[in-house]
Amino acid sequence: MRLKGGLGPALTPEALAERPVPALVATILQGRTGTPMPGWQGMLDEQDARWIAQQLLRGFPEVKQP
Ligand code: HEM
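Predicted, not measured: the structure shown is a model, and the values here were computed from it. (Residues numbered from 1 in each chain as written. Predicted model: local features only at pLDDT ≥ 70, side-chain atom pairs only at ≥ 80, totals over all residues. Heavy atoms only, no water.)

Observations concerning the confidence of the model for the chain
In the predicted model, the chain carries a mean pLDDT of 91, and 91% of its residues have values of at least 70. Predicted confidence in the chain is weakest over helix H1 (residues 13-16), with a mean pLDDT of 94, and strongest over helix H2 (residues 21-30), with 98. (pLDDT = per-residue confidence, 0-100. Helix = DSSP H or I, 4+ residues; strand = E, 2+ residues; numbered from the N terminus.)

This is how it looks when you write it as structure tokens:
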């Protein structure tokens, strides 16, 4: 929810800076075998995954600290 990681890694723009969009899209759609990261292919198409990857690289969503 805060994209800072926990069970998964941080998904902040800083953490993802070196990741090419197609690599993020592949991870989102297919997951990572052998890790808890599931594939979301059943729920998202490639366009959705590309949109999420781009938003993550841009810093999305804005996390409001309490
Ligand atoms: C729609 C929801 C999700 C999205 C968009 C998403 C996105 C991503 C992305 C982009 C990465 C790659 C990060 C990188 O390259 O550094 C990643 C990795 C990972 N995610 Fe997710 N994730 C989601 C849900 C989840 C859930 C529900 C879990 C676990 C319950 C999870 C566990 C992980 C783990 C463990 C990794 C690291 C895999 C590795 O070690 O290679 N993710 N996720």
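The discussion continues.
What to know about the coordination of the iron atom of the ligand
Between any two of four tetrahedral donors, the ideal angle at the metal is 109.5 degrees; between two of six octahedral donors, it is 90 or 180 degrees. For the iron atom of the ligand, the protein supplies a single donor, Met37 (SD), at a distance of 2.1 Å. Positionally, Met37 belongs in the loop between H2 and helix H3 (46-58). (Donors = N, O, S within 2.8 Å, 3.2 Å for Na, K, Ca; no water.)

Considering the side chain of Thr27
Take Thr27: it is sitting in helix H2. Residue class for Thr27 comes out buried when judged on its relative accessible area of 14%. If sequence neighbours within four positions are ignored, Thr27 has contacts with Arg32, Met37 and Pro38. (Buried < 20%, exposed > 50% of the residue type's maximum accessible area, 1.4 Å probe, protein only. Contact = heavy atoms within 4.5 Å.)

What to know about the nonpolar core
Among the nonpolar cores identified, the biggest contains 8 residues, and these are Leu16, Leu24, Val25, Ile28, Leu29, Ala49, Ala53 and Leu56. At the level of secondary structure, the elements contributing two or more residues to this core comprise H2 and H3. Top contributing element to this core by residue count: H2, with 4 residues. Filtering out sequence-adjacent residues up to four positions away, Val25 remains in contact with Glu46, Ala49, Arg50 and Ala53. (Core = buried A, V, L, I, M, F, W, Y, C linked by side-chain atoms within 4.5 Å.)

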